[in-house]
Amino acid sequence: MGKHKNKHNLKTLLVVILLSGIFLGCSLIVSPDLSVDHMVRKLLWPLWRLILLIGNIVAFPIRALRHQLPRYVGIFSTRMGLQILLMGQGVRILSLAVVGMVYFYIA
């Protein structure tokens, strides 16, 4: 039961974030200085990039467990194969987070 509750909370959070961006954009459209194109480029596009980056960071380690762990365990011992996989995924997640933060800071 708790697992499904967390999944629904994440979906609710994403919907709330998206709707708050849309409502903010709609209120800004009333202003004669902003166009719909400007709203999409400046307000909503960075949010989608962040959501896609977080989804990539969360989903790929699960895929690695399914596909790479059997290979590493077959070549090395179970403990060493798991350590290699976890170190590789840790470096990957850390590098994606650092590059993502730098990207969002620059953009």
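1. As for the overall build of the protein chain
- Looking only at helices and strands, the protein chain has 3 helices and 0 strands in total.
- For the protein chain, buried positions account for 14% of its 107 residues.
- Total accessible area on the protein chain is roughly 8400 Å²; 73% of this is exposed by carbon and sulfur atoms.

2. Notes on helix H3 (residues 78-106)
- If you check H3, its first and last C-alpha atoms are 42 Å apart, about what 29 residues at 1.5 Å a residue would give, namely 42 Å.
- Turning to H3, its buried residues are Gly81, Leu85, Gln89, Arg92 and Gly100.

3. Points about the side chain of Gln89
- When you line up the elements, Gln89 lands in helix H3.
- Judged by relative accessible area, which is 10%, Gln89 ranks as buried.
- For Gln89, the contacting residues outside a window of four places in its chain are Phe60, Pro61, Ala64 and Gln68.

4. With respect to the confidence of the model for the protein chain
- When pLDDT is averaged along the protein chain, the result is 77; 64% of the residues meet or exceed 70.
- The spread of mean pLDDT over the elements of the protein chain runs between helix H1 (residues 2-29), the lowest at 64, and H3, the highest at 90.

5. Brief notes about a nonpolar patch on the surface
- A cluster of nonpolar residues, Leu94, Val98, Met101, Val102, Tyr105 and Ile106, forms a patch on the protein surface that exposes about 720 Å² of accessible area.
- With respect to the helices and strands, Leu94 occurs in helix H3.

Thresholds, definitions, all that
- Residues numbered from 1 in each chain as written.
- Predicted model: local features only at pLDDT ≥ 70, side-chain atom pairs only at ≥ 80, totals over all residues.
- Heavy atoms only, no water.
- Helix = DSSP H or I, 4+ residues; strand = E, 2+ residues; numbered from the N terminus.
- Buried < 20%, exposed > 50% of the residue type's maximum accessible area, 1.4 Å probe, protein only.
- Areas by Shrake-Rupley, 256 points an atom, 1.4 Å probe, with all protein chains shown as cover.
- Expected span 1.5 Å × (residues − 1).
- Contact = heavy atoms within 4.5 Å.
- pLDDT = per-residue confidence, 0-100.
- Patch = residues over 30% accessible without salt bridge, like charges linked within 9 Å, V, L, I, M, F, W, Y side chains within 5 Å.
- Salt bridge = Lys/Arg side-chain N within 4 Å of Asp/Glu carboxyl O.

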